[in-house]
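Single-letter residue listing:
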Amino acid sequence: MSKRFRLSQTQMIFIGMAVGLVIGILYPSFSQYLDPLSAIFIRLVKSIVVPIIFATLVVGIAGHGDIKSVGRMGLKSIIYFEVLTTFALALGLVSVNLIRPGAGVSIAPEAGTAVTAARQQSVGEIAEHIFPQNFFDAAARGDILEVVVFTVLFSIALIMIGDRKKPIVDLCEALAETMFKYTAIVMHYAPIGVGAAIAVVVGSKGINMLVHLFELIACFYVSAAAFICLVMVPVMLIFKVPVARFFSAVKEPAVIAFSTTSSEAALPKAMQALEDFGVPRRVVAFVIPTGYSFNLDGTTLYIPLAAVFVAQAFGIDLTIPQQFAMGLTIMLASKGCAGIPRASIVILAGILPSFGLPLSALAVLLAIDSLIDMGRTAVNVIGNCLATVIVAKWEGVPIGPEGDRVEESAGGRVAGRAAAAE
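Let me sum up the structure you'll find in this document. No experiment lies behind these values; they were computed from the predicted model shown.

How each quantity is defined
- Residues numbered from 1 in each chain as written.
- Predicted model: local features only at pLDDT ≥ 70, side-chain atom pairs only at ≥ 80, totals over all residues.
- Heavy atoms only, no water.
- Helix = DSSP H or I, 4+ residues; strand = E, 2+ residues; numbered from the N terminus.
- Buried < 20%, exposed > 50% of the residue type's maximum accessible area, 1.4 Å probe, protein only.
- Polar contact = N/O pair within 3.5 Å; in protein donor to acceptor, adjacent residues only side chain to side chain.
- Contact = heavy atoms within 4.5 Å.
- Patch = residues over 30% accessible without salt bridge, like charges linked within 9 Å, V, L, I, M, F, W, Y side chains within 5 Å.
- Areas by Shrake-Rupley, 256 points an atom, 1.4 Å probe, with all protein chains shown as cover.
- Salt bridge = Lys/Arg side-chain N within 4 Å of Asp/Glu carboxyl O.
- Core = buried A, V, L, I, M, F, W, Y, C linked by side-chain atoms within 4.5 Å.
- Axes fitted to C-alpha atoms, helices over the stretch in contact; angles between N-to-C directions.
- Parallel < 35°, antiparallel > 145°, perpendicular 65-115°, else oblique.
- Left-handed = near helix turned anticlockwise from the far one by under 90°.
- Nonpolar A, V, L, I, M, F, W, Y, C, P; charged D, E, K, R; others polar.

1. Digging into unusual backbone geometry
For Arg100, which is not a glycine, the phi torsion comes out positive at approximately 50°. One can find Arg100 in the loop between helix H5 (72–99) and helix H6 (123–130). Note on Arg100: relative accessible area 41%, which makes it partly exposed. The backbone of Lys240 shows a phi angle near 60°, a positive value even though the residue is not glycine. Within the fold, Lys240 resides in the loop between helix H11 (208–238) and helix H12 (243–260).

2. Quick notes on the side chain of Ser155
Here Ser155 lies in helix H8 (residues 144–160). In terms of polar contacts, Ser155 uses its side chain to reach the backbone carbonyl oxygen of Thr151, at 2.8 Å. Aside from chain neighbours lying at most four places away, what touches Ser155 is Leu57, Val58, Ile61 and Ala62.

3. Re a nonpolar patch on the surface
Together, Val22, Ile25, Leu26, Tyr27, Phe30 and Tyr33 give the surface a local cluster of nonpolar side chains, amounting to about 700 Å² of exposed area. A per-element tally of the nonpolar patch places helix H1 (residues 9–26) first, with three residues. Along the chain, the position of Tyr33 falls in the loop between helix H2 (28–31) and helix H3 (35–62). In this structure Tyr33 comes out as exposed when scored by relative accessible area, which is 67%.

4. Here we look at the nonpolar core
Grouped together as the largest cluster of nonpolar side chains are 115 residues, with contacts concentrated most on Phe41, Phe246, Leu357 and Leu365. Per-element accounting of this core gives the leading share, 18 residues, to helix H18 (residues 362–394). Listed in part, the 10 residues of the second largest apolar core include Val50, Phe54, Ala138 and Val147.

5. So, the packing of helix H15 (residues 297–313) against H18
Where H15 meets H18, the axes come as close as 7 Å, and the angle between the chain directions of the two elements is 150°. Put simply, H15 runs roughly antiparallel to H18. You can see that H15 and H18 cross each other, and the crossing is right-handed. Of H18, the residues touching H15 (which contributes Asp297, Gly298, Thr299, Tyr302, Ala306, Phe309 and Val310) are Leu365, Asp369, Ile372, Arg376, Val379, Asn380 and Gly383. Class assignment for the residues of the contact of H15 with H18 results in seven nonpolar, four polar and three charged.

Below, the structure written as structure tokens:
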């Protein structure tokens, strides 16, 4: 009986949010004493950032042997992934700058943190700042951009040493799995941290803050719809993919992803739907698992929205070069993070301090993360399904009944390995 009525973590977060809202409205003075509970949650999240991004990037890049073995298909997949995620990133930045959901919000920073206006930086200064002179110093400072660039170069170096990379990749894979569990432990504290953050914000700023949070939710869903209509559909038309039939084919996995907020839950149905659509199994088995690490359109769309929302809430004007550098960081940091619980919060915890943005809004963003995560995950799944079809078209592979069983036996072996990897 207890298992049947056990509350999910998402439900607990909503309950924590509701309790915090009531405390903030009814007992505004008392709510300010809850600030340390919110600060503890933020500190725990910050402790996750460097090890989990380092480990997942190494595994995602150096451990992805399929990209090297299939050569041309892997290169085309990566090119497509990067082009589409760049469009998602740009659309997110344009939307949040036009709609400005954070304008008019004022969030007090965490204790001991000074909030200063972002300094104008030249392109040369930004370029110099990208490259670390000491990985451990960058990790200690929480400079996620330097950490990511070092990790990417480190992963490329691992690929170059061939089979000798295996012990390091295995170690990073074990570290990543450990950090997943560590994140899950931290997220058990999330309802308390979120509830405390909501109580503090509502108690000090009033109910107006919630209005701006719902504006952020609306901004994301408008941006997601625009991305599908203005980016995905034109890509389908360029590659002569039947639009109505494609959306009919991916409807069920998209609904599964939306309702469960889990890309993994939608994976089997997505692969089956693509094979039914006519994409050969060998293409499906390669592109879908690769896309789960490198093609996170929904995540890449949301994170700049949230980051600039925080800047707007603090009255910090991020310049175009700074937003460009932030976008580069987001694109790199998100690679390999598909399996991280609350990945967007983890990535934001690394990005915000790197650009002079305080973390006191992080727990508040987590309060609405579940509502946004449904749409974010659905866009990720639809984007990966489309990527699979486009790569097959780009390769000149027949799509349709005549392509269903091309190299079926070889494809079956690849699919088996992909399924085992999942």
